[in-house]
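Here are the chains, one letter per residue:
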Amino acid sequence: GAGKNGTVSQYIPPMQAFWVKVDKDGTTGDPVLNTVQLTFSNTVRSHRPSGNATSSLLRAPQQNELQLIRLQVSNGTNRDETILMASELASNGTDRYDAEKMQNNNTEIPEIAIWMNNTETAINAVNQFPLNTEIPLIFRPGKDGNFSLSATEIKTAEENIEFILKDSNGDTETILNNGDKYSFAAATTDTGNRFALVLRAKG
């Protein structure tokens, strides 16, 4: 886990979650339940009083310390999100700050992800926001319909950065400010690299 001060340790802060990934696809632990079982005993718990100097290890990072853009796709009923985050602790390659996208395989729920380093990511952390670089977005509508892509949250220390959504269907570019929504129609075959996110300096 990463604490408020950026320290990386084995501690998972309260109210936080984590994925467990097997080292080989298709690996099963229980032949009946077809699952891998992971068990934690009470001995792995850690209690740190507020007066302890190391108690910050168990705190989640403050929201205002993060630089990010949160994109949400919606079909009017169901929605999905992906996040591009900049952190001095992260690398531009695949590391512990990235979270792989897990597909829901439900046609009623559209999906959005960032394609980076040949991997679909739900959260992609980079060292710095890359300017003038197309960041491919993976979009799966699930079924034909009308959709919207929204910038539900933008936090950046660089006030001169514009977040631009590129739609190859019609070759359009739309500047996304905090809360902006881009509406479009899509078919089930309308997947893959239709959309890209580009960060540019204003002007």
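This structure is a prediction, so every number in the text was calculated from the model and none was measured.

1. Structural notes on the overall build of the chain
- On a plain count of helices and strands, the chain comes out with zero helices and 11 strands.
- Ordered by position in the sequence, the α and β elements of the chain form the string β-β-β-β-β-β-β-β-β-β-β.
- Carbon and sulfur atoms make up 47% of the accessible area of the chain, which amounts to about 12,400 Å² in all.

2. A few points about unusual backbone geometry
- Even without a glycine there, the phi angle at Asn105 is positive, about 55°.
- With respect to the helices and strands, the residue Asn105 is situated in the loop between β3 (99-100) and β4 (111-116).
- Of note in the backbone geometry, Asp171 takes a positive phi value of approximately 50° without being a glycine.
- Looking at the element boundaries, Asp171 is found in the loop between β8 (161-167) and β9 (172-176).
- Take Asp171: its relative accessible area is 66%, and that puts it in the exposed class.

3. So, the pattern of salt bridges
- Enumeration according to the criterion identifies 11 salt bridges in this entry.
- Note that Arg140 and Glu111 form a salt bridge whose closest N and O atoms lie 2.7 Å from each other. One end of the pair, Arg140, is in strand β6 (residues 134-140); the other, Glu111, is in strand β4, with 29 residues separating them in the sequence.
- Here Glu111 falls in the buried class, since its relative accessible area comes to 3%.
- When the shortest N-O distance is used, the salt bridge between Lys166 and Glu134 registers 2.6 Å. With Lys166 in strand β8 and Glu134 in strand β6, this residue pair connects regions lying 32 residues apart in the sequence.
- Exposure remark for Lys166: the relative accessible area of 18% places this residue in the buried category.
- Residues joined by salt bridges that share partners form a network here, namely Arg70, Glu81, Glu153 and Lys155.

4. Observations concerning the environment of Phe139
- Considering the arrangement of structural elements, one finds Phe139 in strand β6.
- Expressed as a C-alpha distance, the spacing of Phe139 and Gly192, which sit 53 residues apart in the sequence, is 5.9 Å.

5. Some words on the side chain of Asn124
- For Asn124, the location among the structural elements is in strand β5 (residues 119-126).
- Once residues lying within four places of it in the same chain are set aside, the contact partners of Asn124 are Ile83, Leu84, Met85, Asp98, Ile114 and Met116.

6. A few points about the packing of aromatic side chains
- A full pass over the atoms with the stated rule returns eight aromatic pairs.
- Each ring, one from Tyr182 and one from Phe184, has its centre 5.9 Å from the other, and the planes form 25°; the classification is stacked. Of the two residues examined, Tyr182 and Phe184, each falls in the buried class.
- Put simply, the rings of Phe139, Phe147, Tyr182, Phe184 and Phe195 pair up and form one aromatic cluster.

7. Quick word on the pairing of strand β10 (residues 181-186)
- Where burial is concerned, the two faces of β10 differ: the one with Tyr182, Phe184 and Ala186 is buried and the one with Lys181, Ser183 and Ala185 is not.
- The pairing of strand β7 (residues 145-155) with β10 spans six bridges and is antiparallel. Paired with Ser148 across the two strands is Ser183, which belongs to β10.

8. A look at the environment of Tyr97
- Position of Tyr97 among the secondary structure elements: in the loop between β2 (79-86) and β3.
- Residue Tyr97 is classed as buried on the basis of its relative accessible area, which comes to 18%.
- Between the C-alpha atoms of Tyr97 and Ile123, which are 26 residues apart in sequence, the distance is 7.9 Å.

Calculation rules
- Residues numbered from 1 in each chain as written.
- Predicted model: local features only at pLDDT ≥ 70, side-chain atom pairs only at ≥ 80, totals over all residues.
- Heavy atoms only, no water.
- Helix = DSSP H or I, 4+ residues; strand = E, 2+ residues; numbered from the N terminus.
- Areas by Shrake-Rupley, 256 points an atom, 1.4 Å probe, with all protein chains shown as cover.
- Buried < 20%, exposed > 50% of the residue type's maximum accessible area, 1.4 Å probe, protein only.
- Salt bridge = Lys/Arg side-chain N within 4 Å of Asp/Glu carboxyl O.
- Contact = heavy atoms within 4.5 Å.
- Phe/Tyr/Trp six-rings, centres within 6.5 Å; stacked < 30°, edge-to-face > 60°.
- Pairing = 2+ DSSP bridges.

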